[in-house]
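Residue-level structural notes
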Amino acid sequence: MGELRSKTLKGILWSAIDKVGVKAIAFIVSIVIARILSPSDYGVIGMILVFIAVANIFIDSGMSQALIQRKNRTASDMSTAFYFNVGVSAVCYLILFLSAPWIARFYNVNELSSILRVLGLNIIISAFATVQRANLIASLDFRSVAFVNVSAVILSGVVGILMAYSGYGVWALVGQQMTSIGVSTLVYWLYGKWHPTASFSKESFKSLWNFGSKLLATGFVATVMREIYSVAIGKIYRSSELGYYTRAVQTSDMVAMTSNEVINAVTFPVLSSLQDNKDQMLAVYEKMLGMTAFFIFPIMTGLAVLASPFISLLLTDKWLPAVPLLQWLCFARMFTPISSLNMNILNAIGRSDLFMKLDFSKLPLTIITMAITIPLGVEAIVIGNFITAFICYFINAYLPGKMFNFGVKAQFRIFYKIVIATAIMGYIVWMSTYLFDTRLVQLLIGFIIGLSSYIIISYFLKVQQLTEIREIIFSKLKSKFCNHTR
C-alpha cells in the first residue's frame with residue numbers, strides 16, 4: 001500500500017509538471033509566433049481544427065481510457081485497441097482528404113484544402129501512440145509522459161518559430177503541429193516497452209467498446225459544442241475575426257484549462273478512494289472546492305482586468321481586438337474548474353451514467369445561446385459563453401446538492417468571502433491601470449498590486465483558505481528548520 005501511495009503521489013507531481021510545464025512552454029512559443037504571424041493565419045488554422053478534433057474523438061473512441069481503467073490488461077487487449085485506432089484513423093483521414101475541397105469551398109478559402117490534407121496526417125501519426133501513452137499512464141509512469149510532451153513542445157516550438165521568421169505564414173503553424181505529433185509519437189515508441197502482436201480479439205474489442213462508447217458519446221458532443229463556434233465564426237465572419245477568437249480562447253485556457261486538468265488528475269483518484277466514507281469524501285471535496293476558487297477567481301479576474309496591456313505588450317497592438325473577447329472568456333472560464341469538480345464527484349462514486357445525462361441536459365441551453373448570439377457577432381458569442389458557463393455551474397451543482405446536501409447554497413458559503421476579496425482586488429487593479437501610460441508598467445504594477453491587495457483583503461476577511469495555506473507553509477518551514485538544527 002505504501003509503494004502504491006508513493007507511486008500515486010509521484011504520478012500526480014509529474015502530471016502537474018507535465019501539464020503546467022508543457023502549457024507554459026507552448027504559451028511562450030505561441031506568443032513569439034503570434035507576434036510574427038497575422039490574426040488571419042490563426043483564423044485559417046482555426047477553421048479546420050474542428051474537423052481534426054472530431055476525428056480524434058472517433059479514432060480513440062474511449063479505448064485508451066478503457067485500457068487504463070482495466071486492471072488486468074492483456075497483450076490481446078492492447079493489440080486490439082492499437083489496430084482499431086490505426087484502422088479508424090486511416091478511414092477518418094481518407095474522409096478528410098476527400099472532403100478537403102468541399103471544406104475549402106465552404107469557407108471560401110482555397111488554400112484550406114492542401115492545409116487540411118497535410119495537417120490531417122497527424123490523425124494517423126497520433127493513432128500509433130495512443131496505446132503506448134495509455135500503457136505508460138496505466139503504469140503511473142507520468143515522468144516518461146512528461147518527458148515526451150516537453151520534448152515535443154520544445155522541438156515543435158523551434159520549428160514553428162523558425163518557419164514563421166522565414167516567412168512561411170500559416171504553414172509555420174502546420175509545421176509546428178506536425179512536428180509536435182511526430183516527435184511525441186516517436187518518443188513514445190522509444191520509451192514504450194510494449195509492441196503489438198498479430199492478434200485482434202473480438203472479445204477484447206466488445207469489452208473495451210462497452211466502456212469506451214459512453215466516453216465517445218460524451219466526448220463527441222462536448223467537442224462539437226466547443227468547436228462549433230469556430231466553424232460559425234469562420235463561415236460567417238472574416239478569418240481575422242476567427243484568429244482573434246482563437247487567440248483569446250488559447251490565452252484564457254492557458255490558466256483555466258491547465259488548472260482544470262491538474263485538478264481532475266488529483267481529485268478523481270482521491271475522491272474515488274474515499275467513496276465508501278461519505279463524511280471524509282465530502283470534507284475533501286469541500287476543501288478542494290475552496291482551494292480551487294481561492295486561486296482561480298483572482299487569477300482569471302486579474303487577467304481580464306489587465307488584458308489590454310497583456311495583449312499589447314506580448315502580442316503587439318495588432319491583436320488588441322482580442323481584448324474584449326479575452327475578458328469575457330476569463331470570466332466564463334472561472335467556473336470551469338468548479339463545475340468539473342462537481343461533475344467529478346459523480347464519476348468518483350461510479351455514476352458515470354449520471355455524468356453523461358447531466359452533460360447532455362445542458363445541450364438545449366448551449367444550442368439556444370448559440371442560435372441567439374452567433375448572428376450578433378463574435379463579442380456576443382463570448383458573452384453568451386459566459387452566460388452559459390454561469391448557468392451550467394448551477395446545473396452541475398444540482399446533483400451534488402441532491403445527493404450529498406452540498407449544493408449551491410453550501411458551496412456559496414465557501415466562496416462568498418473569496419468573491420468579495422476578488423471583486424475588491426479587481427477594482428483596485430483596474431484603477432491602478434489609469435495611473436500609468438506604459439504597458440509594461442501597467443502590467444507589472446497591476447500584478448504586484450493585485451497579488452498584495454488580494455492577500456491583505458483575504459487576511460482581513462479571514463478567508464479560511466489563506467489560513468490553511470499559511471499553516472502549510474509555516475509547518476514546512478518549521479520542519480526544515482528543525483531538521484537543519486539537528
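See the structure above.
To keep things clear, this report deals only with the structure shown in the data block. (Residues numbered from 1 in each chain as written. Predicted model: local features only at pLDDT ≥ 70, side-chain atom pairs only at ≥ 80, totals over all residues. Heavy atoms only, no water.)

The subject of this paragraph is the overall build of the protein. When its secondary structure is counted, the protein shows 21 helices and zero strands. Counting only residues that meet the buried cut, the protein has 49% of its 486 residues in that class. Across the protein, contacts joining residues at least 24 apart in sequence account for 82% of those joining residues at least 6 apart. Of the roughly 23,600 Å² of accessible surface on the protein, a fraction of 67% belongs to carbon and sulfur atoms. (Helix = DSSP H or I, 4+ residues; strand = E, 2+ residues; numbered from the N terminus. Buried < 20%, exposed > 50% of the residue type's maximum accessible area, 1.4 Å probe, protein only. Contact = heavy atoms within 4.5 Å. Areas by Shrake-Rupley, 256 points an atom, 1.4 Å probe, with all protein chains shown as cover.)

Here helix α19 (residues 408–432) spans 34 Å end to end across 25 residues, near enough to the 36 Å set by a 1.5 Å rise per residue. Among the residues making up α19, those that are buried are A410, Q411, I414, F415, I418, A421, T422, M425, G426, V429 and S432. (Expected span 1.5 Å × (residues − 1).)

Each aromatic ring pair is summarised here by two numbers: the centre-to-centre distance and the angle between the ring planes. Here the structure, examined in full by the defined rule, presents 23 aromatic pairs. Plain terms: the ring middles of F27 and F310 are 6.2 Å apart, the flat faces sit at 20° to each other, and that makes the pair stacked. Of the two residues, F27 sits in helix α1 (residues 2–36) while F310 sits in helix α13 (residues 307–315), which places them 283 residues apart along the sequence. Taking the centre distance of 5.5 Å and the plane angle of 70° together, the rings of F335 and F390 count as edge-to-face. (Phe/Tyr/Trp six-rings, centres within 6.5 Å; stacked < 30°, edge-to-face > 60°.)

A grouping of F412, Y416, I420, I424, Y427, I428, W430, M431 and Y434 is seen on the molecular surface, where their side chains present a nonpolar patch of about 900 Å² in accessible area. By secondary structure assignment, the location of I420 is in helix α19. Owing to a relative accessible area of 38%, I420 belongs among the partly exposed residues under this scheme. (Patch = residues over 30% accessible without salt bridge, like charges linked within 9 Å, V, L, I, M, F, W, Y side chains within 5 Å. Salt bridge = Lys/Arg side-chain N within 4 Å of Asp/Glu carboxyl O.)

Bringing the pattern of salt bridges into the picture now. Applying the stated rule across the entire model yields two salt bridges. For E241, the salt bridge identified is with R238, shortest N-O distance 3.1 Å. The salt bridge involving R333 is made with D253; its shortest N-O contact spans 2.7 Å. With R333 in helix α14 (residues 323–333) and D253 in helix α11 (residues 239–273), this residue pair connects regions lying 80 residues apart in the sequence. Take R333 and D253: they sit in the same class, and that class is buried.

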